[in-house]
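# What the coordinates show
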Amino acid sequence: MDLGSLKSVRAAADRILAGHDRVDILVNNAGLMAIPERRTEDGFEMQFGVNHLGHFALTALLLPALLRTDAARVVSVTSTAHHMGRAIDPANPHLEGRYGPWRAYAQSKLANLHFGLGLQRRFETAGVKAASLIAHPRLSDTELQATSVAETGGGASQKFFHVLAGRIGMSAAQGALPQLRAATDPAAKGGQFYTPRFVNFGAAVRRPILRRIGLSRAIEILWQVSERETGITLDVAAAR
């Protein structure tokens, strides 16, 4: 599946639904980091399009199968970069004329956090057993940093994180532990946030979510923009 293509997302969702009556766990984990300005097949800013809009569309399309499961879980993967992000501007969600590689990345990671919280609210309002949780992976030595360096032609900050991940980063398996705990821990509950104990290192533990002023409005705006841009409605009550 190519999350930068709504056509590909729809096709993947159709294949999943054709082969499976229900979906127990959905981990929205794919991502791009700090790449030069580009557009997806559908004209979205690439990082917002892949990191958030593609996952938003996939979750919406798989919602009937998720709701047929007894207590399904959806895990949205954010980053410490969400602290630097700004809420979506509905007039310019793709940062036209204001693009910066890290600005776009931070915006997309804050969108992941807002999506996870907003989905949990909708699950609760609809009275379903499904749960939405959020996770932040450790600093992991994966292809994320290498791709960032290749895309930028060797940007200084991208090189720094590539070298750092190679020297002290966790393996991909270790880095996945916060997501796995959010997805499988019997004691985990909707709306919770799992991260490494020491920001980027350590055991996967539950952490409080720092809630900014205007959080509810930011979530609602993200929902409106996401449905407008993708043309896909994510309505838990209706799907139920």
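Note: the structure precedes this text.
Here we have five strands laid out as an open sheet, ordered β1-β2-β3-β4-β5, and mixed in their pairing. Taken across any chain shown, the strands that pair with only one partner, and hence form the sheet edges, are β1 (25-28) and β5 (201-207). Pairwise comparison of adjacent strand axes, ignoring direction, gives a mean angle of 25 degrees for this sheet. Helix-sheet contacts for helix α2 (residues 46-67) involve β1 and β2 (73-77), and the interaxial angle to β1 is about 175 degrees. Set on the sheet, helix α7 (residues 177-184) makes contact with β1, β2, β3 (131-135), β4 (193-198) and β5; between it and β2 the angle comes to about 160 degrees.

The next thing to look at is the nonpolar core. Ranked by size, the top nonpolar core spans 51 residues in total, and within it Leu66, Leu119, Phe123, Leu234 and Val236 carry the most contacts. Mapped onto this core, the elements with two or more residues apiece are α1 (6-19), α2, α3 (101-126) and α8 (215-230). The element contributing the most residues to this core is α2, with 14 residues. Sequence-distant contacts of Val236, defined by excluding residues within four places in its chain, comprise Leu63, Leu67, Leu119, Arg122, Phe123, Ala126 and Val128. Among the nonpolar cores identified, the runner-up in size contains eight residues, and Ala131, Ala135, Ala182 and Tyr194 belong to it.

Calculation rules
- Residues numbered from 1 in each chain as written.
- Predicted model: local features only at pLDDT ≥ 70, side-chain atom pairs only at ≥ 80, totals over all residues.
- Heavy atoms only, no water.
- Pairing = 2+ DSSP bridges.
- Helix = DSSP H or I, 4+ residues; strand = E, 2+ residues; numbered from the N terminus.
- Axes fitted to C-alpha atoms, helices over the stretch in contact; angles between N-to-C directions.
- Contact = heavy atoms within 4.5 Å.
- Core = buried A, V, L, I, M, F, W, Y, C linked by side-chain atoms within 4.5 Å.
- Buried < 20%, exposed > 50% of the residue type's maximum accessible area, 1.4 Å probe, protein only.

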